[in-house]
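So the chains spell out like this:
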Amino acid sequence: MCGIVGYIGTQAASSILLEGLRKLEYRGYDSAGIATVHEGQIQCVRAKGKLQNLEDKLAGLENPARLGIGHTRWATHGKPEEYNAHPHMDTAYRIAVVQNGIIENYRELREDLKAKGHEFRSETDTEVIPHLIAECMAHPVADQGQSLSYQSPFLEAVRQAVNQLEGAFALAVICADYPDELITVRQQAPLAIGFGQGEFFCASDTPALVAHTRAVLPLENGELARLTPLGVEVYTFGGERLKKFPRTLNWNPILVEKQGFKHFMLKEIYEQPGVVRACLEAYLRNDWAPEQSQVSPLNLNLPAVWADQLAHIQIVACGTSWHAGLVGKYLLEQLAGVPTQVHYASEFRYAPPPLTPHTLTIGVTQSGETADTLSALDMERQRRQGQPPDYQPHLLGITNRTDSTLATIVEHLINTHAGIEIGVAATKTFTAQLVAFYCLALELAYRRRTLSPTAIAPILDGLRQLPAQMELILESQERYIEELSHEFVDTQDFIFLGRGINFPIALEGALKLKEISYIHAEGYPAGEMKHGPIALLDAKVPVVAIAMPGAVYEKVISNAQEAKARDALLIGVTVSQDEHASEVFDRLLPIPVVDELLSPLLTVVPLQLLAYHIAARRGLDVDQPRNLAKSVTVE
Ligand code: G6P
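Quantities reported herein were computed from a predicted structural model and do not represent experimental measurements.

**Some remarks on the site of the ligand**
Taken together, 14 residues form the shell around the ligand, and within it Ser 321, Thr 365, Gln 366, Ser 367 and Thr 370 come nearest. At a separation of 3.0 Å, an oxygen atom of the ligand approaches a polar backbone atom of Thr 320. Within the complex, 91% of the 390 Å² of free accessible area of the ligand lies under protein. One can see that the ligand is located within the second largest pocket. Looking at which element gives the most residues to the shell around the ligand, the answer is helix 9 (residues 319-334), with 3 residues. For the shell around the ligand, the per-class residue count stands at 5 nonpolar, 7 polar and 2 charged.

**Here we look at the domain arrangement of the protein**
As assigned here, the protein comprises domain 1 (3-250) and domain 2 (264-617). Relative to domain 2, the C-alpha centre of domain 1 lies at a distance of 38 Å. In this assembly, 9 residues from domain 1 lie in contact with 7 residues from domain 2. Carbon and sulfur atoms supply 54% of the area that domain 1 and domain 2 bury against each other, a total of about 670 Å² over both sides. Seen at the junction of domain 1 and domain 2, the total is 1 salt bridge. Taking the shortest distance from any N to any O, the salt bridge between Asp 205 and Arg 401 comes out at 2.6 Å. On the surface where domain 1 and domain 2 come into contact, there are 3 residue pairs in polar contact (both at pLDDT 80 or more). Across the side of domain 1 that touches domain 2, the residue classes tally to 5 nonpolar, 1 polar and 3 charged.

**Remarks on the pattern of salt bridges**
Inspection of every chain in the model, using the stated rule, returns 29 salt bridges. Here Glu 156 and Arg 159 are joined by a salt bridge, their closest N and O atoms 2.9 Å apart. You can see Glu 156 and its partner Arg 159 sitting in helix 5 (residues 153-162), 3 residues apart, about one turn around the helix. Each member of the pair Glu 156 and Arg 159 is classed as buried. Across the pair Lys 244 and Glu 220 runs a salt bridge, and its minimum N-O distance is 3.4 Å. Note that Lys 244 is positioned in the loop between strand 14 (241-242) and strand 15 (247-248) and Glu 220 in the loop between strand 11 (215-218) and strand 12 (223-228), a separation of 24 residues in sequence.

**Some words on the sheet that holds strand 15**
With respect to topology, 8 strands assemble into an open sheet ordered 3-2-4-1-10-9-11-15, the strand pairing being antiparallel. One side of each edge strand has no neighbouring strand; the edge strands of this open sheet are strand 3 (41-48) and strand 15. Two elements, strand 1 (residues 3-8) and strand 10 (residues 200-203), share 4 bridges in a ladder whose sense is antiparallel. Bridge pairing links Gly 6 to Cys 202 in strand 10. Relative to strand 1, helix 1 (residues 13-24) is tilted by about 155°, and along the sheet it contacts strand 1, strand 2 (31-38), strand 4 (67-73) and strand 10. Sheet strands in contact with helix 2 (residues 51-58) are strand 2 and strand 3, and its direction is about 135° off that of strand 3.

**Some thoughts on unusual backbone geometry**
The step from His 86 to Pro 87 runs through a cis peptide bond, and the omega angle for that step is -5°. You will see that Gln 188, though not glycine, has its phi angle at about 65°, which is positive. One can find Gln 188 in the loop between strand 8 (182-187) and strand 9 (192-195). A residue is classified by how much of its surface remains accessible, and Gln 188, at 45% relative accessible area, is partly exposed. Phi is positive for Asn 301, which is not a glycine, with a value near 55°. Within the secondary structure, Asn 301 sits in the loop between helix 7 (272-283) and helix 8 (304-308). Under the relative-accessibility criterion, Asn 301 is labelled exposed at 61%.

**Side note on the side chain of Glu 478**
Considering the arrangement of structural elements, one finds Glu 478 in helix 14 (residues 453-485). Put simply, Glu 478 is tucked away with no salt bridge, and the nearest opposite charge, on Arg 479, sits 8.8 Å away. Among the polar contacts made by the side chain of Glu 478, one reaches the side chain of Tyr 270 at a distance of 2.4 Å.

**Points about the layout of surface pockets**
What the largest pocket holds in volume is close to 870 Å³. Lining the largest pocket are 46 residues, and of these Arg 186, Gln 188, Glu 369, Leu 374 and Thr 405 lie nearest its centre. Listing elements by their share of the lining of the largest pocket, those giving two or more residues are strand 6 (95-103), strand 7 (167-175), strand 11, helix 11 (371-384) and helix 12 (406-409). In terms of residue count, the dominant contributor to the lining of the largest pocket is helix 11 (5 residues). Across the lining of the largest pocket, the residue classes break down as 15 nonpolar, 16 polar and 15 charged. If you count residues domain by domain, the lining of the largest pocket takes at least three from each of domain 1 (3-250) and domain 2 (264-617).

**Side note on the environment of Leu 300**
Examined against the element boundaries, Leu 300 turns out to sit in the loop between helix 7 and helix 8. Relative accessible area serves as the criterion here: at 4%, Leu 300 is assigned to the buried category. Taking the C-alpha atoms as reference points, Leu 300 and Ala 418, separated by 118 residues in sequence, lie 17 Å from one another. Once you skip the residues sitting within four places of it in the chain, Leu 300 turns out to touch Tyr 283, His 412, Ile 414, Cys 439, Leu 440 and Glu 443.

The rules we used
Residues numbered from 1 in each chain as written. Predicted model: local features only at pLDDT ≥ 70, side-chain atom pairs only at ≥ 80, totals over all residues. Heavy atoms only, no water. Near = heavy atom within 4 Å. Polar contact = N/O pair within 3.5 Å; in protein donor to acceptor, adjacent residues only side chain to side chain. Areas by Shrake-Rupley, 256 points an atom, 1.4 Å probe, with all protein chains shown as cover. 1 Å grid on protein atoms, 1.4 Å probe; cavity = no way out; pocket = protein on both sides within 12 Å on 5 of 7 lines; lining within 4 Å. Sits in = over half its atoms within 2 Å of the grid points. Helix = DSSP H or I, 4+ residues; strand = E, 2+ residues; numbered from the N terminus. Nonpolar A, V, L, I, M, F, W, Y, C, P; charged D, E, K, R; others polar. Domains from an automatic or database assignment. Contact = heavy atoms within 4.5 Å. Buried area = accessible area lost by both parts, 1.4 Å probe. Salt bridge = Lys/Arg side-chain N within 4 Å of Asp/Glu carboxyl O. Buried < 20%, exposed > 50% of the residue type's maximum accessible area, 1.4 Å probe, protein only. Pairing = 2+ DSSP bridges. Axes fitted to C-alpha atoms, helices over the stretch in contact; angles between N-to-C directions. Lys, Arg positive; Asp, Glu negative; His and termini not counted. Points joined across faces, edges and corners; volume = space filled by probe spheres on them.

In structure tokens, the structure reads:
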């Protein structure tokens, strides 16, 4: 989390930096700041809270500087106060740094630098960096790799400093004495460089670049780059020059605009039918028929060995992606017959299960940058390397960002084709991850022959109908859900119940609501309610039950009735033709008739809308809920 930007070129830097930060605000919004270099001085302006506060502070200030850096913060070390806001500077105010990540050895460095006379002004880990660079400029160390002082003493000082940092970080650094240089660094946190005409940009994520250029070079771990008005030079931390070329992004800047919707989240909910369609088009073979049983109906290009010898699957993920992983587990076990475990990536890292042979590890992350998920995958690869052949690592990533760090860790990616998602609460990327799991499970079911082609065909037909069914829910339900949301403006607790394949959807419905409306919400397997949460129920606690006709329908209805007997207001997500449901539920969120197996892609939509409208009605910042960040690049 945290977003960093940098600019060097011919235009006024500050407005470009602010515009870039606007596109990165999803990464954190505890404070924001920019620093620019002009006439041998650094001007640094920072403000607590959202970017708007910084913009207000900068309004009316003339700033012709053509070099600068900017930051939007998600606080880790130090309170979200202005004195902790980035950019941070050295004692003499000659060097300014913005950072995304965590410097793990900052305490030792801080003590050491203080002892050498450097004056600290914040509680952050980042502040050690400008002081350390200043120290390396004043007292260069001779024996650290290949010196770059011939190219630039500033570049060399940054190189020497980053070699002393431990942790995961991306940096942008400027110095008042080097008005033609912007130095960027990447170590386990994302950073991309944008190439313009006589101007260069850097940013934590490409949405901040696409308004200016599509020519983008993502730095790799252990690399630093020197951006000057003449071009970009890339080096390793060891000082070796690398030959690198930008690639062209296939991106439309319009995707990062609201296009008439009040919030990005609502826009992204509405994009779901299109996203599901795009994902199905990418992976389903249109010309396939069950009679052609020698050809897979899917087009995932997975290595054959992953299907033939597969004995276990383990999924690692965080947040909403973890919920997608739970649906994935259901599908992989029930359709493809592969025992599957789903782990929180943050737990997996420190308590991994014993190694099993012929195991596929799947990392699910929409951003492809979540630090815990990446580390879990990396650890899994490392602990399997050197083991006997049956235990070798097989890593698959499911992501919306094929240009992300995830791509450098796994052997194969499934692209979810959802397009950039700006709202912090994930919606369309979740449904796209579900589609990826349906495709994966069906591919494995086909290859492992756990489902016959004739059993697969109706599932594919059902999948193809989903986009139109989603459109129907959006058309017919949004208005009603908006009205319904008025009832819950003062509600403090919600319970979401589901069973089987819809249990993860109950979790996701609860997560959406708590993330953006700050209402306490719990998702529970319906059958477990009587073992605890039932004690919470009274007339003030609405219960949302997902009751899809199928294997667990009657059970869910019984569980819902147990809640009703405790005076809870019952809201049912069920199929529109269910007459029985209107007798049981106080409020209905009907969805089109759909096979239970495919229902999560529909049942989640009214829950997203419910969370959205309750939060919007409460007047909350739906797209940037408090304390959250979309891309969590720290542990
Ligand atoms: C953050 C976001 C969530 C997201 C989670 C995992 O917590 O606020 O919306 O689900 O990270 O993100 P990933 O990019 O790995 O899917």
